[in-house]
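Reading the structure
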Amino acid sequence: TANSEQVSASVPAKRLLPLWNALLPFLGGVWLTRALTALTGVILIAVAVMAILKPSVNWDALPYLALAQEHPGDDAAALHAKAFDTVKSLAGASEFAALTGDNDYRIRQFEDPQAFNSMLPMYRVKAGYVAALMGLQPWLTAHQAAQTINLAALALLALVCLWWLRQGGTLWATPLVAWVFLALQGREIIGGVAPDLAAAALTVAALAAFTARNTTF
């Protein structure tokens with residue numbers, strides 16, 4: 001019975017295989033791949049512009065923005081004020097209300113600078129990201145610095161993915177890759193304040209470099 005079910009399950013796949021084989025030359029066509037790649041680029045640029053014009057402000061933005069604007073001599077109250085004042089200027093009224101009153105933990109963090117300061121060491125360990133935020137601030141605000149890092153990471157990630165797809169002859173799949181990225185809250189990641197996108201881009205770039213070194217296509 002198990003064998004018959006396995007055979008019957010494979011019949012549709014066998015029937016679709018000739019269709020797939022017929023589509024492959026079309027999908028690999030030069031003009032189609034160029035058009036799909038360009039379309040993907042336009043979509044990602046549009047999403048990036050939307051993320052910049054309407055930034056995504058989540059809880060992690062508060063500690064990172066506090067550390068990014070830290071100066072020698074700042075006490076807990078000063079860091080607390082810098083973080084919440086910056087986020088208030090970026091977020092909408094409903095977003096800020098959620099960040100400061102959604103649950104008991106957030107209420108305590110908003111009302112007590114010492115409580116807020118107590119969690120900063122968990123974010124301070126991302127020393128490279130915090131240093132990058134601070135290093136860009138002679139020219140940009142803390143939030144603009146975060147967006148710049150995210151946009152650079154997005155560009156690196158896109159270039160590496162394009163290279164990888166090209167090596168495999170599957171550039172026609174670029175819209176699918178972009179869709180997966182956007183489905184995983186890509187817009188929020190681009191507009192947010194966190195090292196997630198930069199870490200992902202560097203990881204994928206490292207894997208691509210390892211692949212290029214050890215694989216002959």
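Residues numbered from 1 in each chain as written. Predicted model: local features only at pLDDT ≥ 70, side-chain atom pairs only at ≥ 80, totals over all residues. Heavy atoms only, no water.

**As for the overall build of the protein chain**
Counting its regular elements, the protein chain contains 13 helices and zero strands. Secondary structure elements of the protein chain, listed N to C terminal, follow the sequence α-α-α-α-α-α-α-α-α-α-α-α-α. Considering only contacts within the protein chain whose residues lie at least 6 apart along the sequence, 72% involve residues at least 24 apart. For the protein chain, the exposed area adds up to about 12,800 Å²; of that, 67% sits on carbon and sulfur atoms. (Helix = DSSP H or I, 4+ residues; strand = E, 2+ residues; numbered from the N terminus. Contact = heavy atoms within 4.5 Å. Areas by Shrake-Rupley, 256 points an atom, 1.4 Å probe, with all protein chains shown as cover.)

**Quick word on the pattern of salt bridges**
Considering all chains together, one arrives at three salt bridges under this definition. Residue Arg124 is joined to Glu70 by a salt bridge in which the shortest nitrogen-to-oxygen separation is 2.9 Å. Of the two residues, Arg124 is situated in helix H8 (residues 120-124) and Glu70 in the loop between helix H3 (61-68) and helix H4 (76-90); the sequence distance between them amounts to 54 residues. A residue is classified by how much of its surface remains accessible, and Arg124, at 37% relative accessible area, is partly exposed. According to the relative accessible area criterion, Glu70 is partly exposed, its value standing at 23%. Where Asp112 meets Arg108, a salt bridge forms, and the shortest distance between an N and an O atom there is 3.1 Å. (Salt bridge = Lys/Arg side-chain N within 4 Å of Asp/Glu carboxyl O. Buried < 20%, exposed > 50% of the residue type's maximum accessible area, 1.4 Å probe, protein only.)

**A look at the environment of Glu188**
The residue Glu188 is located in helix H12 (residues 186-191) in this model. Along the chain, Glu188 and Ala48 lie 140 residues apart, while their C-alpha atoms are 9.7 Å from each other.

**Section: H3**
Counting buried residues along H3, eight of its eight residues qualify, which places the element largely inside the surrounding structure. Turning to H3, its buried residues are Ala61, Leu62, Pro63, Tyr64, Leu65, Ala66, Leu67 and Ala68. On the buried face of H3, the contacting elements are H4, helix H7 (113-118), H8, helix H9 (127-135) and helix H10 (142-167).

**Considerations on the packing of aromatic side chains**
With the rule as written, the count across this model stands at six aromatic pairs. Geometrically, the ring pair formed by Phe84 and Phe110 is tilted, given 5.2 Å between the ring centres and 55° between the ring planes. Residue Phe84 is located in helix H4, and its partner Phe110 is located in helix H6 (residues 104-111); the two are separated by 26 residues in the primary sequence. Within the aromatic cluster, the residues linked to one another by ring pairs are Phe84, Phe96, Phe110 and Phe116. (Phe/Tyr/Trp six-rings, centres within 6.5 Å; stacked < 30°, edge-to-face > 60°.)

**Thoughts on the nonpolar core**
In summary, soluble globular proteins display a tendency toward joint burial of nonpolar side chains. Among the nonpolar cores identified, the biggest contains 45 residues, and Tyr64, Val87, Phe116 and Leu133 are the most heavily contacted of them. Here this core gets eight residues from one element, more than from any other, and that element is H10. If we ignore the near neighbours within four places in the chain, the residues touching Val87 are Val57, Leu62, Leu65, Phe96 and Leu99. (Core = buried A, V, L, I, M, F, W, Y, C linked by side-chain atoms within 4.5 Å.)

**Section: helix H11 (residues 174-183)**
Within H11 the residues assigned to the buried category are Thr174, Ala178 and Phe181. Mapping the buried residues of H11 onto a view down its axis gives an arc of 60°, with all of them on the same face. Opposite the buried face of H11, by more than 90 degrees, sit the exposed residues Leu176 and Trp179. (Arc of directions from axis to C-beta.)

**So, the confidence of the model for the protein chain**
On average, residues of the protein chain score 78 in pLDDT, and 81% of them reach the 70 mark or higher. Per-residue pLDDT stays below 50 along residues 2-9; that stretch engages in zero contacts with residues further than four places along the chain or on separate chains. (pLDDT = per-residue confidence, 0-100.)

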